[in-house]
Amino acid sequence: MKLDRRNFLRLAGAAGATAVVGRGAEAQARQYQPPPQALGCLVDLSLCIGCRKCEQACNEVNQLPAPERPFDDPTVLERKRRPDDKAFTVINRHYAGRRDDKNQPLPTFVKTQCMHCQDPACVSACIVGALTKKPNGAVHYDEGKCIGCRYCMVACPFQIPAYEYSDPLTPRVRKCTFCFERISQTGGKPGCALACPVEAITFGRRQDLLGLARKRMEDNPGRYEPHIYGEREAGGTSWLYLSSQPFARLGFQTLPDQPMPHLTETIQHGVFAYLWAPLTLFGILGGVMALLGRRNDKEERP
Ligand code: SF4
Ligand code: SF4
Ligand code: SF4
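Our subject in this report is the structure included herewith. (Residues numbered from 1 in each chain as written. Chains lettered and ligands numbered in written order. Predicted model: local features only at pLDDT ≥ 70, side-chain atom pairs only at ≥ 80, totals over all residues. Heavy atoms only, no water.)

This part covers helix H3 (residues 53-61). For H3, the set of buried residues is Cys54, Glu55, Ala57, Cys58 and Asn59. Of the surrounding elements, those touching the buried residues of H3 are strand E2 (90-94), strand E3 (108-112), helix H7 (191-195) and strand E8 (201-205). With its phi angle positive at about 50 degrees, Gln63 sits one or two positions after the end of H3. (Buried < 20%, exposed > 50% of the residue type's maximum accessible area, 1.4 Å probe, protein only. Helix = DSSP H or I, 4+ residues; strand = E, 2+ residues; numbered from the N terminus. Contact = heavy atoms within 4.5 Å.)

Encoded structure:
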């Protein structure tokens, strides 16, 4: 039977789903190894000026719809935003304790997009292999395989994948592609990294970026928090961050070092072992991620 959207929903209610889904998840789990030559991006938040050129470049590279307000409209920064199906990356402004010479608060700007996790929970949760971790580090989405179950959206510890709810016929899951075609076929840089006028986004091999981050910390004592966000969070991510402010005050999730698939697969296997319907999994994963989210909300409050 072809596993299209309609058949998936039928299958989800049947015990037969146990074997199909369980095998899929295990096969996916076995293939995850952090690739040695994996690429990444280092975002230095102490350099970012909040110009949103990265957002604009991402919009152009991915041929996304024009935004409601132009990219140079500063009022956009007055409210916190999340990446969605029309914007794969967003810049948010935080006041997290930085002050100028006259004791006036200074903003810190934070770029958010898919982190392209080393051991991605979204890949683990996808029961049909529509999301895959590529050797170059990108977490790639294949809309031809997607059945619209949206488990990836529930499993992602960073709440990144967005769904095209506005498209009634062929809705897709949308997220940062890591400019997969550009970096894998032409050896180019991601659009956002290329567009940044102050080189706040450095593209390169992940392990080189970790070395670069450490060198910046050594060369600039007191400038940075002693923490490279993404080095270990959720098993490590391809996108890494340096900051002069504590990450918890800038809306970053405080996550365990353990890769999230260990959590989601443990739940998944337990659920299917007892023949619970996959929709139950949706609820359980949602509860786990909501708890993580609530904990982080509390940590962000001053
Ligand atoms: S941030 Fe979320 S969507 Fe991106 S790779 Fe990690 S788990 Fe998947
Ligand atoms: S890597 Fe590409 S898709 Fe991802 S945020 Fe940058 S420009 Fe957008
Ligand atoms: S283009 Fe660079 S400086 Fe401008 S908002 Fe993006 S990361 Fe910050």
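All residues in the neighbourhood of ligand 3 are listed as Cys48, Ile49, Gly50, Cys51, Arg52, Lys53, Cys54, Ile91, Cys196, Pro197, Val198 and Ile201. Its residues assigned to classes, the shell around ligand 3 shows 9 nonpolar, 1 polar and 2 charged. (Near = heavy atom within 4 Å. Nonpolar A, V, L, I, M, F, W, Y, C, P; charged D, E, K, R; others polar.)

With that settled, the discussion passes to helix H8 (residues 206-219). In this model H8 runs 20 Å from its N-terminal to its C-terminal C-alpha over 14 residues, within 8% of the 20 Å that 1.5 Å per residue would give. Inspection of H8 places Arg206, Leu209, Leu210, Ala213 and Arg216 among the buried residues, and these make up the whole buried set. Down the axis of H8, the buried side of the element spans an arc of 125 degrees, and every buried residue falls inside it. For H8, the elements touching its buried residues are strand E1 (39-44), E8 and strand E9 (239-242). (Expected span 1.5 Å × (residues − 1). Arc of directions from axis to C-beta.)

Mapping Phe109 onto the fold places it in strand E3. You can call Phe109 buried: its relative accessible area is 10%. Each C-alpha atom of the pair Phe109 and Arg93 lies 4.6 Å from the other, and the pair is 16 residues apart in sequence.

With that out of the way, let us pick up the nonpolar core. Nonpolar side chains in soluble globular proteins tend to end up buried together. One finds Leu45, Phe158, Ile201, Tyr229, Trp239, Tyr241 and Phe252 to be the most contacted residues of the largest nonpolar core, which totals 46 residues. Where this core is concerned, the elements lending two or more residues are E1, H3, E3, helix H4 (121-125), helix H5 (151-155), helix H6 (180-185), H7 and E9. A per-element tally of this core places E1 first, with 3 residues. With residues up to four places along the chain from it excluded, the contact list for Tyr241 reads Leu42, Val43, Leu45, Lys111, Thr112, Gln113, Met115, His227, Ile228, Tyr229, Phe247 and Phe252. In terms of nonpolar packing, the next biggest core, distinct from the first, is built from 11 residues, Leu131, Cys146, Tyr163 and Val173 among them. (Core = buried A, V, L, I, M, F, W, Y, C linked by side-chain atoms within 4.5 Å.)

This next bit is on the pairing of E2. Counting buried residues in E2 gives 4 out of 5 residues, a clear majority hidden from the surface. Note: E2 against E3, 5 bridges, orientation antiparallel. Within E3, the position partnered with Arg93 by the bridge is Phe109. (Pairing = 2+ DSSP bridges.)

Another aspect to go through is the packing of aromatic side chains. We describe a pair of aromatic rings using the distance from one ring centre to the other and the angle between the two ring planes. Across all of its chains, the model carries 7 aromatic pairs by this definition. A centroid spacing of 6.1 Å and a plane angle of 55 degrees characterise the contact between Phe178 and Trp239, whose relative ring orientation is tilted. With Phe178 in the loop between strand E7 (173-174) and H6 and Trp239 in strand E9, the pair connects residues that are 61 residues apart, well separated along the chain. On the basis of relative accessible area, Phe178 is assigned to the buried category, the value being 1%. Judged by its relative accessible area of 1%, Trp239 falls in the buried class. Taking the centre distance of 4.9 Å and the plane angle of 75 degrees together, the rings of Tyr241 and Phe252 count as edge-to-face. (Phe/Tyr/Trp six-rings, centres within 6.5 Å; stacked < 30°, edge-to-face > 60°.)

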